[in-house]
Structure formats: structure tokens, C-alpha cells
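# A closer look at the structure
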Amino acid sequence: MQTAHSVDHAHADVHHIHGHDEHHHEETFLTKYIFSQDHKMISKQFLITGIFWGIVGGLLSVLFRLQLGWPNETFPFLETFLGKWAEGGKISNEFYYALVTMHGTILVFFVLTGGLSGTFANLLIPYQIGARDMASPFMNMLSYWFFLAASTVMLFSFFIQTGPASGGWTAYPPLNGLRDTGINLGSGMGFDMWALGMTLFIISSLLGGLNYIATVLNMRTKGMSMFRLPLTIWALMFTAIIGVLSFPALLAGVTLLEFDRLLDTSFYLNNIVVNGQLLGYKGGSPILFQHLFWFLGHPEVYIIILPAMGIVSEVLSVHARKPIFGYKAMVFSILAILVLSFIVWAHHMFVTGLNPNLGAIFTLFTLLIAIPSAIKVFNWIGTLWRGNIRLVSAALFAIGFVSMFITGGLTGIILGNSSLDIHLHDTYFVVAHFHIVMGVSAFFGMFAGVYHWFPRLFGRFMNETLGQIHFYVTLVGAYCIFFPMHFMTGLPRRYYTFANFDTFNNFNHLAAFISVFAIVVFLAQLVFVVNFFYSIFKGRKVEGEVANPWGANTLEWTAPVERLHGNWPADIPTVYRWPYDYSTEFGETNPQNLPLRSGEEQH
Amino acid sequence: MVAFLSFVVIVLLFVVLVLIARANELSLQLKGDKYDYTNQSRINGYLMMGFLILMFAGSAFAFKELVPVMIPKAASVHGLQTDKLFNITMLIIGIVFVITQVALFYFTYRYNESRGEKAYFYTHNNKLEVVWTIIPSIVLTGLIAMGMYEWFSIFNKEARDPKMLVVEATAKQFNWMLRYPGKDGKFGERVIDTEHISPTNELGINWDDKNSHDDFMADKLYLVKGRPVLMKLGALDVLHSFFLPHFRVKMDCVPGIPTEFYFTPTMTTAEMQQYLSTEPWWQTVNPETGEQRWKTFKYELACAELCGKSHYGMEREVVVVTQAEYDEWVDKQTAMYAAVAPKTDAPAESVEPAATDSVNTETKPTAMLIKK
């Protein structure tokens, strides 16, 4: 099947392939695999680091789900591994909060931002715009190394005596603005490491983001006008723009927080009374930090979801053998999301005592985001309509993404309405909402991308059988975990146990049910990990020198299977058409570097 | 040992999985040199359709099983309104959920490649885009309007009843301090400085302010049915959040910044028990207490903002009573001043304004000394 519609045109405009002496230079193990400046290698580095963090972050959730699912049981093996954090086989409340804090931090930043954007921006931007590499390969390398440094600091914080940060991934002061003085107040050194790790992470993100924007704007090949860019590139570029504009706010916020902690300033602290003693902080505002945090924090969820949206648009179109429906509507809806994402942050703060007028404005903008999101969903469904869909793992995950995004997105309409948020704020309804809409969805988008571009990354396929097992277990399991949480409306999140409350103590069977599926879904992810590493070495090989296994139109498949520094051995391809000419009257696959035939229309 | 064995079982399972997958791949490859996905597409088409049915069946089951267990209907005036808006929104998004999920999975099944139909080259339709932009916009405008109407009526300061009850709740790790203004209806002044704040006077109450003399602290939050209450909220150390799930009330408690929430309870605790006694789930016996669930029902106050390692333990009972019962309860409370007033003034329960005139500052604990 794959050869039938691919090879004919793949060579179309790459003037004949002759060796690769032009770009040949000596590479040592160190320059090729470690300090690589090649976008493809950096992409792999991000991906594998992201997978590592994904396993860690998932494992943390399994640990705290053990506590939530069976609050009265003990698990002696936990003490073996965790020592004083799980004395008698029961996770301590202190460590429970460390687990949820680090679970959030790791998955939001290190997996779904670093892992997702880092992997696919690096892989796809140069390939799909027809460039030999990033605008600054050196900055690109630094971006990964700052990411790794940030990862190292975060990882090490698990091994210090007082444990990792435990005041929530949102790091709200005063809890995180005060040092732990041994009286249950404030947080310990783990938080300082968190702040350092985040600072390094932000540097990495800015280096990467500026590079992505510069590359897309300046290094497109001949003929690649902006409206001929694949939606992946639009999404990745807008993601980078959001990151560049919003991450500095978090850097400022965290820096001031560290000033409060280390230098006893009062940016966020005012009139703190501990054990009947008035501390010397005067005039700060804890709410200020929330504004700074969410000025990044909300755009951050779009930083996570936009690349997934771009990947899904591309994957759906390729496997449906049909143009993406409403290309321009898709571009403008991402643009609308980009703009709106900056003016909705205070919907995380409806019940902080915010001026009600402000609450009203933020409700308005928040619910407006539903419109571009709805347009995107309708267009994805429109793309499937009357397609000829090849249901391989990549396509299944892309369809799963749309399903998850619908389910999670719809409850956003409830939470965004400030008067409803009063009751729902910081309850399991919120946990259900954001896990489905940005957690599971983004993972589905990421998996769709990995299964789809694995042949591009490694010259081999991932195993389809394992991929489909992975898909169905994850789809069913993720719904079983998060759908029932909608009924736990009014149960506060971040509770170690509900035993102290009659009101909240009625869902213990459900909590165990959720925990069982959390473990199942975690194991299913290990199937993916096994498949991933197994396929790197033993997967089915892609046939031919240049192969286009899915019959895609985009430029990455016009480069040789062997991954050369500089991507194309001869000239870079020239572009004559948009990337979605699938199943036209002239043929099923019409690569972008294929000149228009007589009688063919531009789209 | 069990842990070790289950670990071995899981590892073996993985090995088996990989072997099956590998064998499957090899057998497919042996069939021909071209890798054909048609068969898989057919099977996955059915599976995706199966998933759609499973999802709807599961959702229906979840509604049937879990809705009765949920926190019961709102016991406050605004809560009844926001619950209504919640249900309206749920209905709308429920309809959209069904339509879009059915379309998504049905198209996946119907148009999978095993049908062998050529895909239809169809790039866009501006009319359709306009339609599916305008319809959500209109619906959302309605939801925003209804939401804002509720929002502004909840926070409308001008519409407050002057006869409202005022209660102060101050949070600290890991407890609530509930202060009532006593019979005069006025709180004693609080002063935030090191002279006033001490381990015995964490709130920094100014005992020279006579309004403070009948203020009392309660271990349960007593509210009056039908009488609006203004909760004056604050925190001493870190962020907390004052959460009354049954009343749909939540407002953060912020150190250094006062916040408040105004609402009106509509059912006494006894009335809510009565109401629940007719609900099948609430008639079941709670194995922990051995009683029918509705009999032990109580309103509760919780903390809803992560405030440290015992965040989950900040429980206080909330009792809603009639005005007469409330007055009776107030009479039984002991004023805080009793503990700090000069011994001669005891019994402090009935601290009269006259009694405070005789307060000699020298007999007070030193921490209470006031210098203006």
C-alpha cells in the first residue's frame, strides 16, 4: 500500500541524489550523539528525555493513587523503596504533597512542554519548511542542554533530606514564599531547587522558542509561502511565540519569590502571623504572584495543546487521504487562541477576592476561547468525513485526541463561567477537566506524532500491534480514570484523605476504581516504551533510499531515509503547492515539491 | 514477596506481548512484499464503533450510579441558581458531546480504507465555517449572560440586607477561628502589630475596644436559616480557602488582604436531613456508623487551597438553625474577654459595657497593653 502512492513523486523536484560528500565532515561520537547541533539528533534527545520524565511523572501518580485509592491499606514495598517517606508502607502526608507537586511540574513542563515542543519543533520545522537546519543550531543545542540541566536539578531534589518541593506546582506564596521553620509552615530546600530548575527550564524554552520563530520566518525554502506551511508549523510557531511572551513573567515571579525566601523581602508577603508571632513582612501581596504565575500558567496550557493540535491536523489529513478541512480557518483559529490565551489568566483566580468586574471580563474572554476550539473540532471531523482513513496507530491516536479534546473542552465552558467556578474551583471537577483536555489530549497528540514520524526519526516503523494495544488500553483507561471524577464535584483536590469529612467520604469505591485504571494505563505506557526502544533497533525497516511510507505531501519525506546533516544531499526542494493536495483528480499523493500539472488548481 | 511475584508476572506479560507483536508483524510481512493496512483498518473501524457504544453505556451507568452519591442540592439562595445554570450548561454540552462524538467515531468507522472508496477532495466551505462559528457564539453569549447575572447578584454589595449576620472566619495552619460579634453585632477592632498579636491573642484583638467584650469564638459555624450572612474572611499564615460545599460558597483567605462572601442559607440542618431521608441512597446504612446516612448528615466547612501538609484536616461542622435556636445558642457562649478580663469582672459571659469601665490596664496580660 505505502509504496503504491509514494515513490512516484517523492523524487519529483530533488534534483538527482548524488552521494553526500558536500556536507560530509568528521563526526565523533561526542559531536554526533552528545553535543549535537543537528536538529534531528536534538529532537531525539528531547524525545528520549521526555519519555524518561513521562515514566517518572506517571510513576509518581501511581504512588499517590495508591494512597487515594486505598487510604487504609499499607504497602510494605513502598517502605523498601521510599524509606522514611512511607514508614510502615504508608505514604506520609508530606510526601504525598511532594508527589502531587512534582507530578504536576514534571508533566506540564518537562514532558508536555519540553518533550512535546522540543521533539516536534526540532524535528519538523527544518524538515517541513525545507531548511537544512535551525537558524542557530548552536542555540538549539544550548536549549537542550539547559533542559537537561533543569531536569538534573529537578531530579536531584528528590534525593535531598527534606524532600522535593511540596507546595503545589503553582508554587503559591506564602506557603512557598516562606522557608520551613520546622513549624509546619513554608517549604524547604526542595522548593529552592524547584525554582532553580524552573529558571533553567525557562532559559531553555526561550532559547528554543526564539530559534523556532526565527527559523520559520526566515528559512523557508523557495515557494514556501506562509499559507503553504503545514499546520504543524503554524502550531509550533505560535506555540513558540506564546512561550517567548509568557515565560518571562514566570521567571520574574519566581525570582521575586526567591527574594522573599532568601533575602526576606516582602514582594508577596504581608502581615504573616505564625504561632502568635507577627513576622516582619509588610506590604506585599500573595495575589500578585498568582497574576504573574497564571500569566504564564494559562498560556502554558496552549503551549501544551497547540503542538498536539498541529500534529493531529497533519496526521489526520495524511491518513484520511484527504485535505485538512478549512485550512485557513484552522490557521486563524490558532491565531485567535494565541491572542485570547493572554487575556484569560485570571479565570484561575475567580475566588481569590478579585474585583467582580474583573471576574466578568475574564469569564467573557474565557468562554470566547470555546469558539476557535469548536471550529477546530468541527474541521477535524469534517476532514474525516468521506475520507479513506487508514486506521494505523498514528491515526487512532489522532482521533482519540479529538475525542478527548471534545470531552475535556466542553467542561471548560462550565468552569470558565465564574459563578459556577465558585463551587467547582479546586475540586475534582477541575482535575477531570484539565487532565482530559490538556493532559491526556496532549499525550494522544504526542503519541500520534511519535507513531507517525518514527520512520522519519529512525528509518524503522514502530510495531503496529503493540501500538494499537497501547492505544485502546490508554483510551479506555484514561476515560475510566477521569470521566468519573466529574461526579466528584465539590470534593477538594489535593486531599491526602477524605476521612476527616462526612461530606467527601462517600466516593471510596470510586477512588479505588480510578486507582486501578491509573495503574493499568501506566503499564500500557510501558508497552509504548518497550515498543519505542525495541523498534529503534529491531523495528521493520523503511524500504528504499527515499521513502514516503504514509504517502504524505510534506517535505520531510523527500529527504533520504538515512538522516544526513543538512537533510538533503543535493539542493533543498522547491515548493509549488500547499501541503494538503490529497486525492485530487491527478493522484492521491501530490508532494509540495511537485510542480502543478497543466489544469491543476492552486489551493 | 507478593510485590516481587507481581513484578515478575508483569515482566513476563511484557515479553509475551512483544513476542506476539513481533510474530504478527513477521507473518504479515511474509504474505507479500507490500505492507497492507486494509485489514487493520477494518478491524479498527469496528473497534472504534464499539468504543463509542461502550463510552455512552459507561457514561449512562456513571450517571445512574454516581449522581445519587453526589453532594446534595444547594442549601443557599444563590446556590440554587448556580446549580440551575450548571444543569442548563450540562444539558447543552451534553448534546454537543453526543453529536460530536457520534460524528467522530461513526466517520472513523464508515470511512475507513477497507471500504476502498477514494477520498473526496474537499478543501473548505466558508458557509459551513460561518455557521459553526455563529451557533456556538450565540449559545455562549446566552451562557455568559446568565453567568454574569448570577455573578453580579452574588457580589452586589448594595443589595445586602442590613440585618444580616456577620461572622468572621480566620484560617491558620490547620484550623479555623470562627469569631462572632456577640449581641451588640459589632466586632472588636483588630490591630496588626507586635503589641497586640501574641500567642494568646493571635487575631490581635484590641481589648480596649468595648465592642470586643462580647465577641466569642465558636467551635461550630452556626448560621440562621433565611438570614443572610456576611462571612468576613482572612488568614494568618498562608493561603487557605473557605469552602462550604453544600452552600456553593468558596472564597480564598489571604494573609494581609481581607475577603468576604455574602449568602443566605435556605435549609436548616434538620430540614436537609428530612429532605434527604426520602432519597434512596441516603436511606442506605453507612457501615461506619451503622445508621442510615441521612441521619448523620451534617454541613461542613473545608479548606480548598493547599495550605501545607495537613491541608486535608481543616474540618468544621456547620449548623444551620432557626433564629430562635440561634439566639439560644448565642446565650450559651462565653465571651473571649472572659479569659483576659480582670478576675473581678467574672462571670465574663455577661460583660456589660459598664464592666469594661473598670478594666484596669495593669491587670491585663502585658501582651494586651495598648498604646495608641
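Here we summarise the structure given alongside this text. In every chain, residue numbers begin from 1 and rise along the written sequence. Note on labels: chains are lettered from A, ligands numbered from 1, in written order. Note on the predicted model: pLDDT of at least 70 is required for a residue's local features to be given, and 80 or more for side-chain atom pairs to be given and counted; whole-chain, interface and lining totals, by contrast, use all residues. Only hydrogens and water are set aside; all other atoms, that is, all heavy atoms of the structure, feed into the side-chain values.

When helices and strands are tallied, chain B shows nine helices and 12 strands. The quantity called the radius of gyration is restricted to C-alpha atoms. Its globule counterpart is 2.2 Å times the number of residues to the power 0.38. In terms of overall size, chain B is more extended than a compact globule, its C-alpha atoms giving a radius of gyration of 31 Å where 372 residues would be expected to give roughly 21 Å. Counting only C-alpha atoms and orienting by the principal axes, one finds that chain B spans roughly 105 × 60 × 45 Å. Exposure classes here rest on a 1.4 Å probe applied to the protein chains alone. A residue is buried below 20% of its type maximum, exposed above 50%, and partly exposed in between. Put simply, chain B has 372 residues, and 49% of those count as buried. Labels follow the DSSP assignment, with helices taken as runs of H or I lasting at least four residues and strands as runs of E lasting at least two, numbered in each case from the N terminus.

Let us look at the packing of aromatic side chains. For Phe, Tyr and Trp, rings pair up if their centres lie within 6.5 Å, where Trp contributes its six-membered ring, and each pair is then called stacked (planes under 30 degrees apart), edge-to-face (over 60) or tilted (otherwise). For the coordinates displayed, the defined rule picks out 99 aromatic pairs over all chains. Aromatic pair Tyr-495 of chain A and Phe-501 of chain A: ring centres 5.7 Å apart, planes at 45°, arrangement tilted. Side by side, Tyr-495 of chain A and Phe-501 of chain A carry an identical accessibility label, which is buried. Any Lys NZ or Arg CZ found within 6 Å of a ring centre and within 35 degrees of that ring's normal is scored as a charge over the ring. The positively charged end of Lys-84 of chain A is found above the aromatic ring belonging to Trp-85 of chain A, 4.6 Å away from the centroid. Over the face of the ring belonging to Tyr-275 of chain B we find Lys-73 of chain B, whose NZ or CZ atom lies 4.5 Å from the ring centre.

All right, on to helix α3 (residues 77–110) of chain B then. Helix span, as expected, comes to 1.5 Å for every residue beyond the first. Its 34 residues place the ends of α3 of chain B 49 Å apart at the C-alpha level, agreeing with the 50 Å of an ideal helix rising 1.5 Å per residue. Contacts described as polar in this section are N or O atom pairs within 3.5 Å, which, within protein, must combine one atom able to donate a hydrogen with one able to accept it, while residues neighboring in sequence count only if both atoms come from side chains. With a side-chain oxygen positioned 3.1 Å from the backbone nitrogen of Gly-79 of chain B, the residue opening α3 of chain B is Ser-76 of chain B.

This part is about the pattern of salt bridges. Residues and elements named next belong to chain A. Throughout this description, the term salt bridge denotes a Lys or Arg side-chain nitrogen within 4 Å of a carboxyl oxygen of Asp or Glu. Inspection of the entire model under this criterion finds 24 salt bridges over all chains. In this structure, Glu-258 and Arg-261 form a salt bridge, with 3.6 Å as the shortest nitrogen-oxygen distance. Here the residue Glu-258 and the residue Arg-261 both occupy positions in helix α8 (residues 231–263), the gap between them amounting to three residues, near one helical turn. A relative accessible area of 13% means that Glu-258 is categorised as buried. In this structure, Arg-577 engages Asp-581 in a salt bridge whose closest nitrogen and oxygen atoms are separated by 2.8 Å. Residue Arg-577 shares its accessibility class with Asp-581, and that shared class is buried. Salt bridges linked by common partners bring Arg-577, Asp-581, Arg-597 and Glu-600 together as one network.

Only heavy atoms matter for contacts: two residues are in contact if any of them lie within 4.5 Å across the pair. Each partner contributes to the interface: chain A provides 139 residues, whereas chain B provides 124 residues. Simply put, the buried area is the total loss of 1.4 Å probe accessible area from both parts when two parts are fitted together. Looking at the side of chain A facing chain B, the largest losses of area belong to Ile-422, Phe-487 and Arg-540 of chain A, adding up to 6% of the total buried there. Linking chain A with chain B are one salt bridge. A salt bridge links Lys-309 of chain B to Glu-94 of chain A; its shortest N-O distance comes to 3.8 Å. The nonpolar class holds Ala, Val, Leu, Ile, Met, Phe, Trp, Tyr, Cys and Pro. Asp, Glu, Lys and Arg form the charged class, and all remaining residues, Gly among them, are polar. Tallied by class, the residues present in the side of chain A that touches chain B amount to 79 nonpolar, 44 polar and 16 charged.

Once that is clear, we can look at the packing of helix α11 (residues 356–368) of chain A against helix α4 (residues 126–154) of chain B. Comment: axis = line fitted to C-alpha atoms, over the contacting stretch for helices; angle = value between 0 and 180 degrees taken between N-to-C directions. At a closest axis distance of 10 Å, the pairing of α11 of chain A and α4 of chain B adopts a crossing angle of 165°. If you check the angle between α11 of chain A and α4 of chain B, you find them roughly antiparallel. When you trace α11 of chain A past α4 of chain B, the crossing you get is right-handed. Every residue of α4 of chain B that contacts α11 of chain A at Pro-356, Asn-357, Gly-359, Ala-360, Thr-363, Leu-364 and Leu-367 of chain A is listed here: Leu-140, Ile-144, Met-148, Trp-151 and Phe-152 of chain B. Residues belonging to the contact of α11 of chain A with α4 of chain B are distributed by class as follows: nine nonpolar, three polar and no charged. Angles below 35 degrees are treated as roughly parallel, those above 145 as roughly antiparallel, those between 65 and 115 as roughly perpendicular, and all remaining angles as oblique. The sense of a crossing depends on the near helix, which, turned anticlockwise from the far helix by less than a right angle, makes the crossing left-handed and, turned clockwise, makes it right-handed.

Before going further, it helps to examine empty space enclosed by the protein. Only protein atoms enter the calculation, which uses a 1 Å grid: trapped sets of points that fit a 1.4 Å probe without letting it out are cavities, open sets showing protein on both sides within 12 Å along at least five of seven lines are pockets, and any residue with an atom within 4 Å of a point is a lining residue. Grid points are joined across faces, edges and corners, and a volume is the space filled by probe spheres set on the points. Under the counting rule described, the total for this entry stands at five cavities of 30 Å³ or more. There is about 180 Å³ of room inside the largest cavity. Taken together, 19 residues line the largest cavity, and the ones lying closest to its centre are Thr-113, Ser-117, Ser-205, Gly-209 and Tyr-212 of chain A. Counting only elements with at least two residues in the lining of the largest cavity, the list comes to α5 (93–129), α6 (137–156), α7 (189–218) and α8 of chain A. If you tally residues by element for the lining of the largest cavity, the top one is α7 of chain A, at six residues. Residue composition of the lining of the largest cavity, by class: eight nonpolar, 11 polar and no charged. Put simply, the second largest cavity is a space of about 70 Å³. Lining the second largest cavity are Gly-167, Gly-168, Thr-170, Tyr-172, Pro-173, Pro-174, Leu-175, Asn-176 and Arg-494 of chain A together with Leu-239, Glu-305 and Leu-306 of chain B.

Here we come to unusual backbone geometry. Look at the link from Pro-173 of chain A to Pro-174 of chain A: it is a cis peptide, with omega at 0°. Within the fold, Pro-174 of chain A resides in the loop between α6 and α7. In this model, Gln-173 of chain B is joined to Phe-174 of chain B through a cis peptide bond whose omega is -10°. Residues other than glycine seldom take positive phi values, yet Arg-248 of chain B does so here, at roughly 55°. As for its placement among the helices and strands, Arg-248 of chain B is situated in the loop between β6 (240–244) and β7 (249–253).

Residue and element names in this part refer to chain B. For two strands to count as paired, DSSP must find a minimum of two bridges between them. One open sheet holds the five strands; their spatial order is β4-β12-β11-β6-β7, and the pairing between them is mixed. Because the sheet does not close on itself, it has two edges, and the strands there are β4 (221–224) and β7. The sheet shows a mean angle of 25° between the axes of neighbouring strands, direction not considered. Pairing between β6 and strand β11 (residues 299–303): two bridges, direction antiparallel. Residue pairing in the sheet places Phe-243 in a bridge with Ala-302 of β11. The strands touched by helix α7 (residues 323–332) are β4 and β12 (316–321); relative to β4, the strand with the most contacts, the crossing angle is about 145°.

Now for the sheet that holds strand β3 (residues 216–218) of chain B. Residues and elements named next belong to chain B. Strand order in the open sheet made by the five strands is β3-β2-β1-β5-β8, with mixed pairing throughout. Both edges of this open sheet fall to β3 and β8 (259–263), since each of them pairs with a single strand only. In this sheet, adjacent strand axes meet at a mean angle of 30° when their direction is disregarded. Pairing geometry for strand β1 (residues 165–172) and strand β5 (residues 229–235), over seven bridges, is parallel. When the bridges of β5 are listed, Ala-169 appears paired with Leu-233. Contacts from α7 reach β1, β2 (175–180) and β3 within the one sheet, and its direction differs from that of β3 by about 115°.

The next thing to look at is the side chain of Asn-388 of chain A. Note that Asn-388 of chain A resides in the loop between α12 (370–384) and α13 (393–415). Residues within four places of Asn-388 of chain A in sequence aside, it is in contact with His-319, Ala-320 and Arg-321 of chain A together with Tyr-111, Asn-112, Glu-113, Gly-116, Glu-117 and Ala-119 of chain B.

Bringing the nonpolar core into the picture now. Side chains that are nonpolar tend, in soluble globular proteins, to be buried together. Here, nonpolar core refers to any group of buried Ala, Val, Leu, Ile, Met, Phe, Trp, Tyr and Cys residues whose side-chain atoms link them within 4.5 Å. Counting 290 residues, the largest nonpolar core has Trp-380 of chain A together with Phe-242 of chain B as the members making the most contacts within it. Take this core: its biggest share by element is 22 residues, from α5 of chain A. Discounting chain neighbours no more than four positions away, the residues touching Phe-242 of chain B are Ala-169, Trp-176, Leu-221, Met-231, Leu-233, Val-249, Lys-250, Met-251, Cys-253, Leu-301 and Ala-302 of chain B. Leu-278 of chain A together with Ile-197, Met-336 and Val-340 of chain B belong to the second largest nonpolar core, which has 12 residues in total.

Residue and element names in this part refer to chain B. Locating Leu-233 in the fold gives a position in strand β5. Taking relative accessible area as the criterion, Leu-233 reaches 4% and is therefore assigned buried. Through-space distance from the C-alpha of Leu-233 to that of Glu-315 is 16 Å; in sequence the pair is 82 residues apart. Not counting the four nearest positions on each side in its chain, Leu-233 is found in contact with Ala-169, Phe-242, Met-251, Cys-253, Pro-258, Thr-259 and Glu-260.

Right, let's get into the side chain of Thr-100 of chain B. By the element assignment, Thr-100 of chain B lies in helix α3. For Thr-100 of chain B, a relative accessible area of 6% translates into the label buried. Contact partners of Thr-100 of chain B, with chain neighbours within four places excluded, come to Phe-378, Ile-381 and Ile-406 of chain A.

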